[in-house]
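Summary of structural features
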Amino acid sequence: MSKLKALISVSSLILCVAFVAFSQGRGAPFPPKPDNPQSLKHTDAARKIAGTDQFLAKPYDFYCVAGHARAQNNNAPDLEPLKIFDNVYAIGNSETTVYVLPTSEGIVLIDAGFENKVETVTVPQLQKLGFDPKNVKYILLGHGHADHFGGSKYFQDHYGTRIGTTAADWDLMYPPNPPANQEEKKGTPPQQPRKDLVLSEGQPFKLGDLTITPVTIPGHTPSSLAFIFPVKNGSKTRLAGIFGGAILTSNIITTEGLKQYVQSIAHYLDIAKKMKVEVELQNHPIFDGMPERIEKLKALRPGEPNPFIVGTDRYLKMWNVISECVQAEIARRESS
Ligand SMILES: [Zn+2]
């Protein structure tokens, strides 16, 4: 094993252990620290970027206001399966969402939801939308955590669906190290899909009439992915972005991880700006006002704009707000 690979494996294991420890309520490894002049500079910058924009107030409130960030609730209510654009549907639950992208040659899912919900929720939701789960040709994973890959093995086993993520996140799903202790051995690990397609930045994913641009955004995991792809709204096509590795609670991430994440956001925004991403979608939509936007979408009158189209300027601002809030957290840690 190369040094790099060993390092990635070890850091993956640490992340997993940290995640498990956190989700079991054994306390966060990086408890909150008080503000200081440097951190306040960043929260002020975030507030300025957000201004009076209601859409931008959501990420500001979630990430910059102390105590507001939280993990997703895995038992959040299931979504009423929903068409967002002509070629984008949302299923899963309201806090861990799976996107369904039908193409001329079959269906692509972004993420696969939870393993224990695949038969009872995910597949019936697809059927309710009129899709045959057999037509799910690919599942692309935003990152290698079980709330995203959980349902994918079922699709692989039952429908021959191909599963794709980055090499580093495949490794995250397959920690080569044996369980570190008795307690870890006791838990039932989620069933990972068999190793399949390796996605990487610079290699667009294509199926039929759909092309997805993957962007590598390490930080939450060794190599999470963002996906940029066209959405059709009547005769108009626009580009949407899903940032598939959002850190929700920074208190489980090392300071190095947060710094890498800030760089990943900047890297992603370079590409999102060049490509003019105008549509905002999220796999953990708990900081982007998705519930309100779903209500707006349902009540939309002809001629009114789809509330998921936020425009390139606000899309970039949203992620700049988040970046400033994360930089504030780094500054809090570094002064103490
Ligand atoms: Zn995750």
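Quick look at the structure, then. Just so we're clear, the structure is a prediction, and the values are computed from it rather than from any experiment. Numbers given for residues are sequential positions, taken from 1 along each chain in its written order. Predicted model: local features are reported for residues with pLDDT of at least 70 only, side-chain atom pairs are reported and counted for 80 or more only, and whole-chain, interface and lining totals are derived from all residues. Derived side-chain values reflect all non-hydrogen atoms in the structure, with water molecules and hydrogen atoms excluded from consideration.

1. Describing the pattern of salt bridges
- Definition used for salt bridges: Asp or Glu carboxyl oxygen within 4 Å of a side-chain nitrogen of Lys or Arg. Enumeration according to the criterion identifies 21 salt bridges in this entry.
- The closest approach of N and O atoms between Glu329 and Arg333, which form a salt bridge, is 3.1 Å. Separated by 4 residues within a single helix, Glu329 and Arg333 lie in helix 11 (residues 312-335), roughly one turn from each other. Comparing Glu329 with Arg333, the two get one shared label, buried.
- Salt bridges here are not isolated pairs; linked through shared partners, they connect Asp35, Glu329, Arg332 and Arg333. Going along the chain from the N terminus, every DSSP run of H or I of four or more residues is numbered as a helix, and every run of E of two or more is numbered as a strand. Only protein chains enter the calculation, and the probe is 1.4 Å; a residue is then buried if its accessible area is under 20% of its type maximum, exposed if over 50%, and partly exposed in between.

2. A closer look at the packing of aromatic side chains
- Ring pairs are drawn from Phe, Tyr and Trp, using the six-membered ring of Trp, whenever the two centres fall within 6.5 Å, and their geometry is named by plane angle: stacked under 30 degrees, edge-to-face over 60, tilted for the rest. For the coordinates displayed, the defined rule picks out 13 aromatic pairs.
- Centroid distance Phe62 to Tyr63: 4.8 Å. Interplanar angle 70 degrees. Geometry classified as edge-to-face.
- Given a relative accessible area of 14%, Tyr63 falls into the buried group.
- For the pair Tyr268 and Tyr315, a centre-to-centre distance of 6.3 Å together with 70 degrees between the ring planes defines the contact as edge-to-face. One end of the pair, Tyr268, is in helix 9 (residues 255-275); the other, Tyr315, is in helix 11, and 47 residues separate them in sequence. As far as the burial class goes, Tyr268 and Tyr315 line up, both buried.

3. What to know about the sheet that holds strand 12 (residues 277-281)
- Strands sit in the order 8-9-10-11-12 across an open sheet of 5 strands; the sheet is mixed. Looking at which strands have only one partner, the edges of the open sheet turn out to be strand 8 (205-207) and strand 12. The average angle at which neighbouring strand axes cross in this sheet is 30 degrees, direction not considered.
- Residue contacts are defined here by distance: any two heavy atoms, one from each residue, within 4.5 Å place the two residues in contact. What counts as an axis is a line fitted to C-alpha atoms, over the stretch in contact for a helix, and the angles between N-to-C directions run from 0 to 180 degrees. Contacts from helix 9 reach strand 9 (210-216), strand 10 (225-233), strand 11 (236-243) and strand 12, with the element oriented near 175 degrees to strand 11. DSSP bridges decide pairing: two strands pair if at least two such bridges lie between them.

4. Digging into the pairing of strand 1 (residues 82-85)
- Relative to strand 2 (residues 88-92), strand 1 runs antiparallel, the two being bridged by 3 bridges. Bridge pairing links Phe85 to Val88 in strand 2.
- Linking two consecutive strands that pair antiparallel, namely strand 1 and strand 2, is a turn of 2 residues.

5. Thoughts on the side chain of Gln282
- Its location among the elements puts Gln282 in the loop between strand 12 and helix 10 (290-298).
- Polar contact is the term for a pair of N or O atoms within 3.5 Å; when the atoms are in protein, one must be able to donate a hydrogen and the other to accept it, and sequence-neighboring residues count only if both atoms are side-chain atoms. For Gln282, the side chain forms a polar contact with the side chain of Asn283, separated by 3.4 Å.
- Non-local contacts of Gln282, meaning those with residues more than four positions away in its chain, are made with Thr97, Tyr99, Phe243, Ala246, Phe287, Asp288 and Trp319.

6. Description of the coordination of the zinc ion
- Distances from the zinc ion to its protein donors, His143 (NE2), His145 (ND1) and His220 (NE2), fall at 2.1 to 2.2 Å.
- If you list the donors of the zinc ion from N- to C-terminus, the spacing comes out as H-x1-H-x74-H. You can see His145 sitting in the loop between strand 5 (136-140) and helix 5 (146-149) and its partner His220 sitting in the loop between strand 9 and strand 10, a full 75 residues away along the chain. Both residues of the pair, His145 and His220, count as buried. Metal donors were taken as nitrogen, oxygen and sulfur atoms no farther than 2.8 Å from the ion, or 3.2 Å where the ion is Na, K or Ca. Water is excluded, so coordination may look unfinished.

7. Side note on helix 9
- The span expected for a helix works out to 1.5 Å for each residue beyond the first. Counted at 1.5 Å a residue, the expected span for helix 9 with its 21 residues is 30 Å, and the 30 Å between its end C-alpha atoms agrees.
- Thr255, Gly257, Leu258, Tyr261, Val262, Ser264, Ile265, Tyr268, Leu269, Ile271 and Ala272 are the residues of helix 9 that are buried.
- Looking at the buried side of helix 9, the elements it contacts are strand 9, strand 10, strand 11, strand 12 and helix 11.
- Two residues or fewer past helix 9, Lys276 is found with a positive phi of approximately 60 degrees.

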